[in-house]
Amino acid sequence: MIGRTISHYRILEKLGEGGMGVVYKAQDTKLDRLLALKFLPSHLNASEQDKARFIQEAKAAAALNHPNVCSVIDIQEHDGQMFIIMEFVDGQTLLDKRMNIPLKQAIEIGTQVADGLAAAHEKGIVHRDIKPENIMIRKDGRVQIMDFGLAKLKQATGASRLTKEGSTIGTIGYMSPEQVQGQDTDHRTDIYSLGVLLYELIAGQSPYKGVHETAIMYEIVNEDPAPLSSVKPEVDPELDAMVLDCMAKDPMDRVQSVAELARNLRRFKRESGRQRVSRTVAARRFLKVEGAEDEKVEKKSSWSRYFWPSLAVLLTIVAGILAWSPWRKEISSTRPVMRFSIDLPTNAPLSLSRLGQGGLAVSLDGKYLVYTAQIPNAVQLYLHRMDQLTSQPIPGTENSAEPAFSSDGQWIVFNAAQQKLVKVSIFGGAPEAICPTNGQTRGIWWAADNTIFYGHISAGIQRVSADGGTPEAVTSLDSASGEISHRFPQLLPDGKTIIFTMKTNNITSFDEALIAVQRLDTGERKVLVRGGTYAWYLPTGQGGVSTGYLIYIRGSTIYAVPFDAGRLEVSGPPVPIEEGGWMNPGSGQASIGFSNNGVLVFAPSGPRSFSSFALAWMDRQGQTRPLFETLRSYFSARLSPDGQKVTTDVNAANDDIWVYHITRGTLTRLTFAGGNNDLPIWSPDGKYVVYSAEKGKSPNIFRKAWDGSSAEERLTNDPSAQTPTSFTPDGKMLSFEQNGDIWILPMEGDRKPWHFVQSPAIEGEGNFSPDGRWMAYTSNESGKNEVYVVAFPKREGKWQISVGGGAGPIWSRNGKELFYVNGSSLMVVNVTSGSAFDFSVPRKLCEIPLSTTVWDITPDGQRFLALVSQSQQLTLSRLEVVTEWFEELKTKFAGKKN
């Protein structure tokens with residue numbers, strides 16, 4: 001079989017063999033990818049029953065779309081031999097790995113297996129052969145369940161019986177008592193097998209001692225396994241009980257839901273980790289902090305001085321209450337609504353960035369506020385205690401945004417500059433990475449079960465454990481409906497339903513976005529609001545736990561509408577509640593936060609138009625003048641090779657590419673919505689504009705004739721986001737960014753991309769020199785952004801150009817100068833490019849004016865193409881606070897009904 005080509009799959013090597021098939025590694029010659037092919041053994045091909053079971057395996061697995069289940073792509077037949085095409089999983093089976101697994105990893109593996117089985121059980125699929133050989137551990141740590149060949153599909157009229165009545169299907173040692181006895185099985189047999197698997201991982205040995213199959217089968221049916229603590233005394237009794245509950249003889253006595261088991265394992269892992277944290281916090285609290293010890297001494301010394309007068313006042317109040325006859329009418333406990341402002345530090349106001357680098361959040365107990373502050377040349381998270389007057393920066397959160405609190409208010413999660421989720425304790429300490437996000441996030445929610453949900457700029461809502469792991473999608477985009485992104489998630493109190501905002505490819509502002517709700521277990525989805533963003537559910541506690549209000553932003557107003565979280569329905573017209581909340585019309589993000597006890601914090605400003613940028617020239621002394629007077633929300637700008645045209649992208653909810661003809665003085669639109677079209681560059685011959693566009697799940701690279709005379713052409717097709725950056729002078733190679741690395745796309749031949757600069761650091765802004773022998777780029781490998789030059793294409797040499805920070809490298813057209821930005825300074829080095837690369841010490845060319853971004857240089861090297869913001873204010877110096885806001889909300893709706 002090795003070396004043969006079947007259909008368009010070339011067999012490379014044998015991966016394994018089992019009772020229901022032989023698995024080979026294969027190359028898909030059409031799509032150039034690795035896959036796994038599972039063939040029904042030749043001696044079984046004549047059996048129609050085995051064929052039926054084989055097809056059932058494919059149907060069962062193909063019905064699942066979950067990161068912890070190996071994906072099935074297709075089923076085919078070749079020369080009478082059936083085979084399944086599956087995802088190739090690069091890793092080890094648990095059988096090979098299990099003897100070297102620590103307790104923490106064992107719990108994580110069990111949790112991921114439980115998650116995968118939960119997805120299968122929700123679709124009525126029972127695996128019936130959970131064992132180490134069928135569990136793969138990928139190199140990135142993700143756990144995947146293999147081989148649904150013994151799965152049983154529940155039908156509406158009963159179970160499909162493809163095994164003989166009374167037969168035993170499974171693997172001895174992992175079979176449930178009902179399997180051993182040939183009885184009917186359901187999802188609880190998988191729970192039993194998973195219990196055995198966990199027992200082995202934790203104890204390092206099997207729960208059964210029999211030396212042959214018959215003895216093991218007897219033990220499974222008749223004898224209880226020894227407690228884990230008898231094998232390993234250090235095992236926590238709660239974990240011991242959790243595993244043994246999975247292995248109860250009677251299915252009715254077991255854990256009834258594998259999803260419940262996954263939640264319990266996560267909770268155990270979380271709480272066992274918190275024991276360590278609590279010891280650290282206790283030690284920290286023992287220290288003197290901000291005069292706390294002095295305060296305690298003062299309180300102790302003055303206790304007697306205040307106690308007796310206070311007691312006298314208390315007795316007077318009690319006497320007044322008794323005289324008032326409280327039995328004749330109910331005493332109102334309603335506290336008055338209060339409003340006040342928080343003045344933010346003058347050097348750290350709230351950021352109103354058009355890039356979505358903003359946001360604020362309030363802890364659920366209303367004690368803390370975190371917001372994204374605009375500091376010089378960057379943003380940073382600031383923490384504000386509501387009982388204090390000052391806000392403090394959170395170390396390690398520079399260039400971070402979109403903060404959210406954990407449900408207990410002890411942690412903050414945020415989107416870091418390196419496109420990853422990071423968490424930090426409010427008590428201090430180093431930030432801890434959770435997972436990469438593979439792009440910009442749009443909204444984060446930390447649920448009570450220690451799960452983090454987040455939106456994505458070009459994907460559905462993702463879910464990941466706060467302890468780390470591989471994100472999984474919980475909502476999927478409906479491309480047929482033009483959905484581009486799901487963002488700003490909130491998990492409802494039932495823990496099973498999520499609210500989010502949907503961006504479609506035909507809106508120009510998030511005033512036109514959709515607010516939807518979806519049940520995570522069934523996938524049922526409803527659109528609740530047409531025209532709004534940043535939805536938030538606030539329960540009222542009246543009329544049942546599922547009643548409350550849906551809050552959202554539209555225009556310059558915060559709206560509310562009654563919402564039944566049980567029926568997933570809104571009722572009645574929305575009511576305007578507050579003016580403010582500052583909604584970004586391009587990203588849908590709002591500056592607003594709520595607590596569970598009625599604290600509302602919001603930015604006292606409506607939406608601000610970002611149509612305030614001018615295309616401009618900047619000379620070598622830093623003086624600017626506009627190319628023309630029209631202001632728009634320009635984001636980037638590049639000059640054509642002849643210096644006569646500019647291509648730029650205009651920000652909106654869906655961005656588009658425009659071309660400005662300098663000599664004609666005309667601004668012409670090149671692309672027409674259908675998702676974001678961004679970051680255009682010119683081909684060296686000046687015929688094409690190449691750009692990043694959303695025409696699927698992620699932005700890929702396209703090109704179009706600059707005058708619109710040709711149809712749009714796709715250049716790449718990849719699930720990862722891609723951004724073009726530069727061409728070689730001959731136009732044969734295009735550099736682009738993908739996942740923090742620099743790639744090269746050949747423009748001729750098979751156009752197969754290849755890595756050029758790849759490292760754990762974030763690299764980007766690759767820019768070829770005019771002779772094509774060198775590439776300048778930006779990397780944070782040193783801990784901060786610096787500019788480097790590397791030889792192309794073989795990387796024989798590498799040089800760090802900038803000192804003390806640098807980004808945005810730009811070559812002069814003659815190749816003799818290389819410019820970059822350091823803070824507010826435009827720097828330059830002189831370049832000598834002979835047989836080797838040589839350059840001068842960097843020197844400051846000029847100061848870049850405030851709110852100016854340099855993008856390109858004219859052919860003569862005397863002027864730079866720049867964008868200049870004419871906006872008066874992109875920050876806010878204060879926030880508005882409303883306490884007892886729930887009462888005000890109820891009052892406004894009561895008035896509406898009248």
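Before any of the text, the structure's been laid out above.
Conventions we followed
- Residues numbered from 1 in each chain as written.
- Predicted model: local features only at pLDDT ≥ 70, side-chain atom pairs only at ≥ 80, totals over all residues.
- Heavy atoms only, no water.
- Helix = DSSP H or I, 4+ residues; strand = E, 2+ residues; numbered from the N terminus.
- Buried < 20%, exposed > 50% of the residue type's maximum accessible area, 1.4 Å probe, protein only.
- Contact = heavy atoms within 4.5 Å.
- Areas by Shrake-Rupley, 256 points an atom, 1.4 Å probe, with all protein chains shown as cover.
- 1 Å grid on protein atoms, 1.4 Å probe; cavity = no way out; pocket = protein on both sides within 12 Å on 5 of 7 lines; lining within 4 Å.
- Points joined across faces, edges and corners; volume = space filled by probe spheres on them.
- Pairing = 2+ DSSP bridges.
- Phe/Tyr/Trp six-rings, centres within 6.5 Å; stacked < 30°, edge-to-face > 60°.
- Lys NZ or Arg CZ within 6 Å of the ring centre and 35° of its normal.
- Axes fitted to C-alpha atoms, helices over the stretch in contact; angles between N-to-C directions.
- Parallel < 35°, antiparallel > 145°, perpendicular 65-115°, else oblique.
- Nonpolar A, V, L, I, M, F, W, Y, C, P; charged D, E, K, R; others polar.
- Polar contact = N/O pair within 3.5 Å; in protein donor to acceptor, adjacent residues only side chain to side chain.
- Salt bridge = Lys/Arg side-chain N within 4 Å of Asp/Glu carboxyl O.
- Left-handed = near helix turned anticlockwise from the far one by under 90°.
- Core = buried A, V, L, I, M, F, W, Y, C linked by side-chain atoms within 4.5 Å.

Peer 1: Explain the overall build of the protein chain here, please?
Peer 2: When helices and strands are tallied, the protein chain shows 11 helices and 64 strands. The buried share among the 898 residues of the protein chain stands at 52%. Of the contacts formed within the protein chain by residues at least 6 apart in sequence, a portion of 47% connects residues at least 24 apart. As displayed, the protein chain has an accessible area near 40,400 Å², and 51% of this comes from carbon and sulfur atoms.

Peer 1: Help me out: how do you make sense of empty space enclosed by the protein in this one?
Peer 2: This model, assessed by the stated rule, comprises 4 cavities of 30 Å³ or more. If you add up the space inside the largest cavity, you get close to 310 Å³. Around the largest cavity, the lining is made up of 24 residues, and of these Ala404, Ile444, Trp445, Tyr534 and Trp536 lie nearest the centre. At the level of elements, strand S15 (360-362), strand S19 (401-405), strand S23 (441-446), strand S27 (483-491), strand S31 (533-539) and strand S36 (592-594) are the ones that each hand at least two residues to the lining of the largest cavity.

Peer 1: Would you mind going over unusual backbone geometry with me for this structure?
Peer 2: Most peptide bonds take the trans configuration, and most residues that are not glycine carry a negative phi. Residues phenylalanine 792 and proline 793 are joined by a peptide bond in cis, for which omega reads 5°. Along the chain, proline 793 falls in the loop between strand S54 (786-791) and strand S55 (798-800). One non-glycine residue, asparagine 739, lies in positive phi territory at about 55°. Tracing the backbone shows asparagine 739 in the loop between strand S49 (733-738) and strand S50 (741-746). Even without being a glycine, arginine 751 presents a positive backbone phi close to 55°. Inspection of the secondary structure puts arginine 751 in the loop between S50 and strand S51 (754-757).

Peer 1: Can you walk me through the sheet that holds strand S24 (residues 451-456) in this structure?
Peer 2: Sheet strands associate in pairs through backbone hydrogen bonding, adopting either a parallel or an antiparallel arrangement. Read across the open sheet, the 4 strands follow the order S23-S24-S25-S26; overall the sheet is antiparallel. Taken across any chain shown, the strands that pair with only one partner, and hence form the sheet edges, are S23 and strand S26 (472-473). The pairing of strand S25 (residues 459-465) with S26 spans 2 bridges and is antiparallel. Looking at the pairing, arginine 463 lines up with glutamate 472 of S26.

Peer 1: Can you help me understand the pairing of strand S40 (residues 634-639) in this one?
Peer 2: Within a regular beta strand, the side chains point alternately toward one face of the sheet and then the other, so they alternate between its two faces. Of the strand pairs in this sheet, S40 and strand S41 (residues 645-650) are connected by 5 bridges, and their pairing is antiparallel. The residue bridging serine 636 from the neighbouring strand is aspartate 649, located in S41. What sits between the antiparallel neighbours S40 and S41 is a turn of 5 residues, in which glycine 643 has the positive phi angle 75°.

Peer 1: So what exactly am I meant to see when it comes to the packing of aromatic side chains here?
Peer 2: For any pair of aromatic rings, the description consists of the separation of the ring centres together with the inter-plane angle of the planes. Under the defined criterion, the tally for this structure stands at 25 aromatic pairs. Pairing tryptophan 445 with tryptophan 536 gives two aromatic rings, centres 5.6 Å apart and planes at 80°, and the pair type is edge-to-face. You can see tryptophan 445 sitting in strand S23 and its partner tryptophan 536 sitting in strand S31, a full 91 residues away along the chain. Each member of the pair, tryptophan 445 together with tryptophan 536, is buried. The interplanar angle of 75° and the centroid separation of 4.8 Å between the aromatic rings of phenylalanine 768 and phenylalanine 792 together place this pair among those described as edge-to-face. Placement of the pair is phenylalanine 768 in strand S52 (residues 763-768) and phenylalanine 792 in the loop between S54 and S55, with a sequence separation of 24 residues. For the pair phenylalanine 768 and phenylalanine 792, one class covers both residues: buried. One Lys or Arg, arginine 703, reaches over the ring of tyrosine 688 and ends 4.5 Å from the middle of that ring. It is lysine 798 that lies over the ring of tyrosine 788; its NZ or CZ is 5.1 Å from the centre.

Peer 1: Could you clarify how one ought to interpret the packing of helix H3 (residues 103-122) against helix H5 (residues 188-203) in this entry?
Peer 2: When two helices pack together, their arrangement is given by the angle between the helix axes and the distance between those axes. In the contact formed by H3 and H5, the axes pass within 10 Å of each other and the chain directions differ by 170°. Of the possible angle classes, the one that applies to H3 and H5 is roughly antiparallel. Residues Leu103, Ala106, Ile109, Gly110, Val113, Ala114, Leu117 and His121 of H3 form the contact with H5, whose participating residues are Asp190, Leu194, Leu198, Leu201 and Ile202. Of the residues belonging to the contact of H3 with H5, the class tally is 10 nonpolar, 2 polar and 1 charged.

Peer 1: Explanation requested: the environment of lysine 503 in the structure shown.
Peer 2: By the element assignment, lysine 503 lies in strand S28 (residues 497-504). On a C-alpha basis, the gap between lysine 503 and serine 458 in space is 9.2 Å, while along the polypeptide they are 45 residues apart. If sequence neighbours within four positions are ignored, lysine 503 has contacts with Gly482, Glu483, Ile484, Ser485, Arg487, Phe510, Ala653, Asn654, Asn676 and Glu694. There is a polar contact of 2.7 Å between the side chain of lysine 503 and the backbone oxygen of alanine 653.

Peer 1: Teacher, can you tell me more about the side chain of aspartate 649 here?
Peer 2: Along the chain, the position of aspartate 649 falls in strand S41. Residue classification places aspartate 649 among the buried positions, given a relative accessible area of 0%. Of the polar contacts made by the side chain of aspartate 649, one reaches the side chain of serine 636; its length is 2.6 Å. Aspartate 649 has contacts with Ser633, Tyr634, Phe635, Ser636, Asp656, Ile657, Asn677, Asp678, Leu679 and Pro680, leaving out every residue within four places of it along the chain.

Peer 1: Would you explain the sheet that holds strand S38 (residues 613-619) in this entry?
Peer 2: If you trace the 4 strands from one edge of the open sheet to the other, you get S39-S38-S62-S61, paired in antiparallel fashion. Where the open sheet ends on each side, the last strands, each with one partner, are strand S39 (624-626) and strand S61 (852-857). When strand polarity is set aside, the average angle formed by the axes of neighbouring strands in this sheet is 35°. Two strands pair when backbone bridges link them, and S38 and strand S62 (residues 863-869) are joined in this way by 7 bridges, in the antiparallel orientation. Residue phenylalanine 613 lies in a different strand from S62, and its bridge partner there is serine 869.

Peer 1: Would you mind going over the pattern of salt bridges with me for this structure?
Peer 2: Side-chain pairs of opposite charge can arise where the charged atoms are in close proximity. For the structure on display, the rule yields 27 salt bridges. A salt bridge links lysine 752 to aspartate 32; the nearest nitrogen and oxygen atoms lie 3.1 Å apart. Of the two residues, lysine 752 sits in the loop between S50 and S51 while aspartate 32 sits in the loop between strand S3 (21-28) and strand S4 (33-39), which places them 720 residues apart along the sequence. The partner of aspartate 642 in a salt bridge is lysine 645, with the nearest N and O atoms 3.3 Å apart. We classify aspartate 642 as partly exposed; its relative accessible area is 45%. Among the residues examined, lysine 645 registers a relative accessible area of 8% and is labelled buried. Ionic contacts of the salt-bridge type, sharing partners, join the residues Arg703, Glu713 and Arg751 into one network.

Peer 1: How do you make sense of the packing of H5 against helix H8 (residues 237-246) when you look at a structure like this?
Peer 2: Their axes nearest at 7 Å, the elements H5 and H8 cross at an angle of 140°. It follows from the interaxial angle that H5 and H8 lie oblique. The handedness of the crossing between H5 and H8 is left-handed. Only Leu239, Val243, Leu244 and Cys246 of H8 make contact with H5, whose side of the interface consists of Ile191, Tyr192, Gly195, Leu198, Tyr199 and Ile202. Residue classes in the contact of H5 with H8 are distributed as 9 nonpolar, 1 polar and no charged.

Peer 1: I tried to follow the nonpolar core on my own but got confused; where do I start?
Peer 2: Note that soluble globular proteins tend to have their nonpolar side chains buried in a common cluster. Leu94, Ile109, Val113, Ile135, Leu194, Leu239 and Val243 are the most contacted members of the largest nonpolar core, which has 43 residues in total. Secondary-structure elements contributing two or more residues to this core are H3, strand S9 (135-138), strand S10 (143-145), H5, helix H6 (213-222), H8 and helix H9 (258-286). With 10 residues, the top contributor of residues to this core is H5. Beyond its immediate chain neighbours, meaning those up to four positions away, valine 243 contacts Gly195, Leu198, Tyr199, Ile202 and Leu228. Val474, Ala653, Val882 and Phe893 belong to the second largest nonpolar core, which has 37 residues in total.

Taken by themselves, the reported measurements are silent on function.
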